[in-house]
Amino acid sequence: MTSAAPVFRLELPGFSYGDTPVLGPLTLEAARGETLALTGPSGVGKSTLLRILAGIFRPNGGRCDVQGRLAFVFQEPTLLRWRTARQNIEIVAKVSPGRASQALADVGLAAFSDRFPDQLSLGQQRRLSLARAFATDPDLMLLDEPFVSLDPETAEEMISLFADLRSRRDMATVLVTHVAAEAQRLATRIVTLEGSPARTIEHVAPGPGSPTRAG
């Protein structure tokens, strides 16, 4: 693990859906400045693990300690369809209109602040989701395959945008991805979840991506 104090630490005895075990015993943590890429085959429990970290799923036993604010970027943009892009940030992130406008500008959506989500492309909706998450100034950001289903050019733009925004903040990040190149590019540490139920966290050599810590 890390020598710095972790932003989160999860000690999980296991997790099941009804009578079906999904996750076995595991321990996971990350410190500020770390981006942990969580990889593994489809259906192994990566998204489930992310939701346990977020407190959406609550296992019986174990503990999950998160220090500070948490933001979650879901695979499908969870936007308020009846609110404008700026209002999506103001209401959910609980920030001022000026802060919301700056967050939109940070992701290249300044000209779209008064548009509704259904008037935006998928790539623009993903940018809006990122803007909303970063607007909360989180200590821990969780992302569930945020670049999936995008064309290669848009995905590359999104990855570069995320890397830039992340580099300005001193936070911990957990990124679920099934794309090895994404993990290698963005992660300071890559962890593989495998088994059925998934009982093993395999620590792989860190990827080259290392965010610059905020001053």
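Scroll up to find the structure.
Everything in this summary refers to the structure shown in the same document. (Residues numbered from 1 in each chain as written. Predicted model: local features only at pLDDT ≥ 70, side-chain atom pairs only at ≥ 80, totals over all residues. Heavy atoms only, no water.)

The secondary structure content of the chain amounts to six helices and 11 strands. Looking at the chain as a whole, 51% of its 215 residues are labelled buried. Here the analysis covers contacts within the chain between residues at least 6 apart in sequence; of these, 68% occur between residues at least 24 apart. Of the accessible surface of the chain, which amounts to about 9,800 Å², a share of 49% is contributed by carbon and sulfur atoms. (Helix = DSSP H or I, 4+ residues; strand = E, 2+ residues; numbered from the N terminus. Buried < 20%, exposed > 50% of the residue type's maximum accessible area, 1.4 Å probe, protein only. Contact = heavy atoms within 4.5 Å. Areas by Shrake-Rupley, 256 points an atom, 1.4 Å probe, with all protein chains shown as cover.)

Where helix α2 (residues 85-93) meets helix α3 (residues 97-106), the axes come as close as 9 Å, and the angle between the chain directions of the two elements is 120°. Relative to α3, the element α2 lies oblique. The element α2 and its partner α3 pack so that their crossing is right-handed. Taken together, the residues of α3 that come into contact with α2 (itself represented by A85, R86, I89 and E90) are P97, A100, S101, A103 and L104. Here the residues of the contact of α2 with α3 sort into six nonpolar, one polar and two charged. (Axes fitted to C-alpha atoms, helices over the stretch in contact; angles between N-to-C directions. Parallel < 35°, antiparallel > 145°, perpendicular 65-115°, else oblique. Left-handed = near helix turned anticlockwise from the far one by under 90°. Nonpolar A, V, L, I, M, F, W, Y, C, P; charged D, E, K, R; others polar.)

Further remarks concern the packing of α3 against helix α4 (residues 122-135). Two elements in contact, α3 and α4, have axes separated by 9 Å at closest approach and are oriented at 130°. In terms of axis orientation, α3 runs oblique to α4. The two elements α3 and α4 meet at a crossing, and its hand is right-handed. On α4, the residues that touch R99, A103 and L104 of α3 are L128, A131, F134 and A135. When the residues that make up the contact of α3 with α4 are grouped by side-chain class, the tally is six nonpolar, no polar and one charged.

The subject of this paragraph is the nonpolar core. I89, L128, L130, M141 and F162 are the most contacted members of the largest nonpolar core, which totals 33 residues. For this core, the secondary structure elements donating two or more residues are β7 (70-73), α2, α3, α4, β8 (140-144) and α5 (152-167). Ignoring any residue separated from it by four or fewer positions in sequence, one finds L130 in contact with V73, L143, M158, L161 and F162. Membership of the second largest hydrophobic core comes to 25 residues, among which are L26, L50, I52 and L53. (Core = buried A, V, L, I, M, F, W, Y, C linked by side-chain atoms within 4.5 Å.)

This paragraph deals with the environment of G62. Of note, G62 is situated in the loop between α1 (46-54) and β6 (63-66). Residue G62 is classed as exposed on the basis of its relative accessible area of 55%. Sequence spacing of G62 and P13 is 49 residues, and the spatial spacing of their C-alpha atoms is 5.7 Å. When near neighbours in sequence (up to four residues on either side) are disregarded, G62 contacts E11 and P13.

A word on the sheet that holds strand β1 (residues 6-12). The three strands lie next to each other as β4-β1-β6, forming an open sheet whose pairing is antiparallel. What marks the edges here is a single partner per strand, and that holds for β4 (26-31) and β6. Within the sheet, the average angular offset between the axes of one strand and its neighbour, ignoring direction, is 5°. (Pairing = 2+ DSSP bridges.)

Before going further, it helps to examine the pairing of strand β9 (residues 172-176). Most of β9 is tucked away, with five of its five residues classed as buried. Here four bridges tie strand β5 (residues 35-39) to β9, and the two strands are oriented parallel to one another. Its bridge partner lying in β9, A37 is registered against L175. Remark: the β8/α5/β9 crossover connection has right-handed handedness. (Right-handed = clockwise from strand over helix to strand, strands pointing away.)

Right, let's get into the packing of aromatic side chains. Here the structure, examined in full by the defined rule, presents six aromatic pairs. For the ring pair F134 and F162, a centre distance of 6.1 Å and an interplane angle of 45° mean the geometry is tilted. With F134 in helix α4 and F162 in helix α5, this pair connects stretches of sequence that are 28 residues apart. Here F134 matches F162 in class, with each residue buried. (Phe/Tyr/Trp six-rings, centres within 6.5 Å; stacked < 30°, edge-to-face > 60°.)

Shape descriptors only; they carry no functional weight alone.
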